[in-house]
Amino acid sequence: VGAMRELAVACIFYMVCSAGMSVFNKLAVRVLPLPITLVCVQMVFTIVSVGCRPKSVHIGSLRDALRWGLTVPLLFAAMLVSSMIAMEHNTLGTIVVFRNIAPLFTLFIERLFRIPMRNSPETVASLLTIVFGVVLYHFHAVSFTGIGLAAICLNMAFAVLERLMQRHLMAQSPVDISKPGMMLLNNACGLLPCGVLLMTYREHERWRAVFGDLTTGGVALVLISCVNGLAISYAGLRVQQLVTATTFMVLTNVNKFAVVLFGVLVL
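Residues numbered from 1 in each chain as written. Predicted model: local features only at pLDDT ≥ 70, side-chain atom pairs only at ≥ 80, totals over all residues. Heavy atoms only, no water.

(A) Molecular detail of the nonpolar core. Core analysis: the largest hydrophobic core is formed by 35 residues, its most contacted members being Leu 32, Leu 38, Val 39, Met 43, Val 81, Ile 152 and Cys 194. Within the residue set of this core, elements represented by two or more residues are α1 (2-31), α2 (35-51), α4 (72-89), α5 (92-99), α8 (146-172), α9 (179-200), α11 (216-242) and α12 (245-254). The leading source of residues in this core is α4, at nine residues. Not counting chain neighbours up to four residues away, the residues in contact with Leu 32 comprise Leu 38, Val 210, Phe 211 and Val 222. (Core = buried A, V, L, I, M, F, W, Y, C linked by side-chain atoms within 4.5 Å. Buried < 20%, exposed > 50% of the residue type's maximum accessible area, 1.4 Å probe, protein only. Helix = DSSP H or I, 4+ residues; strand = E, 2+ residues; numbered from the N terminus. Contact = heavy atoms within 4.5 Å.)

(B) Quick look at the pattern of salt bridges. Using the criterion set out here, one finds four salt bridges in the structure. For Glu 6, the salt bridge goes to Arg 238, with nearest N and O atoms at 1.8 Å. Residue Glu 6 is located in helix α1, and its partner Arg 238 is located in helix α11; the two are separated by 232 residues in the primary sequence. By relative accessible area, Arg 238 is classed as buried at 17%. For Arg 202, the salt bridge goes to Glu 205, with nearest N and O atoms at 2.9 Å. (Salt bridge = Lys/Arg side-chain N within 4 Å of Asp/Glu carboxyl O.)

(C) Inspection of the packing of α9 against α11 at higher detail. Direction vectors running N to C along α9 and α11 enclose 120°, while the axes themselves pass 10 Å from each other. One element, α9, and the other, α11, form an angle in the oblique class. Judged by the sense of rotation from one axis to the other, the crossing of α9 with α11 is right-handed. When α9 is examined against α11, the residues Lys 179, Met 182, Met 183 and Asn 187 are found in contact with a partner set consisting of Leu 230, Ser 233, Tyr 234, Leu 237, Arg 238 and Gln 241. A class-by-class count of the residues in the contact of α9 with α11 yields five nonpolar, three polar and two charged. (Axes fitted to C-alpha atoms, helices over the stretch in contact; angles between N-to-C directions. Parallel < 35°, antiparallel > 145°, perpendicular 65-115°, else oblique. Left-handed = near helix turned anticlockwise from the far one by under 90°. Nonpolar A, V, L, I, M, F, W, Y, C, P; charged D, E, K, R; others polar.)

(D) Layout of the environment of Gln 42. By the element assignment, Gln 42 lies in helix α2. Gln 42 sits 186 residues away from Asn 228 along the chain, and the two C-alpha atoms are 9.2 Å apart. Non-local contacts of Gln 42, meaning those with residues more than four positions away in its chain, are made with Met 21, Asn 25, Met 84, Ser 225 and Cys 226.

(E) Geometry of the side chain of Glu 162. Of note, Glu 162 is situated in helix α8. Side-chain polar atoms of Glu 162 contact the side chain of Arg 163, separated by 3.2 Å. In contact with Glu 162, not counting residues within four places along its chain, are Val 72, Leu 75, Phe 76 and Met 79. (Polar contact = N/O pair within 3.5 Å; in protein donor to acceptor, adjacent residues only side chain to side chain.)

In short, geometric facts, not functional conclusions.
Here it is as structure tokens:
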């Protein structure tokens, strides 16, 4: 009973953070139209927040640090940046709906590598139903730009790979690193490639103009997205330790009804 309660609390907390991340990132990238810069700001915020509690950071060995730091953070950074770019070029509803097909890929990969998980014809049928719904949405409600579609596809690919690698290093072949330590590595190691992308896309040349036009409300939205990013970093790691990557991706999609409704009514 205790384990089930712990799982339920972890899943609910993650779902709330996930829904908030979709909404607040969309709002934040509208007031600060520099997606890679916004990701960097969120990463620095998490690094500083975790650094304020150094005793909570535990990294067992250099080998564990390298196993985690050279894989998950790079995929994590790629997922965040592609998500921000996708939000800049697509509606919130389009992004959310298309992300629903991601669990089908994680299911295939986990079955391919014989990762222990409960599976049934009903599971496959439910995921195929989601795909059918995405196809219907595409033909009746989606207007893509080339960069928008590419960003969504890349975001799904990076999200699937990041979840699979994270699950592997937390459950199948676990590393001796605390969750705050994982958060620190994710953001510190991910900051470097994000910085390179920031310079490549020359976002820094627009800082003066964009930050100069940022209102108090805009600053508040960016700060809220940072706090939500900190929360989802921990919540995601906690849930990923308890469930398979496929279950995690499905769980991420469950709360999107509220996100789509928000996009339709508010955005």
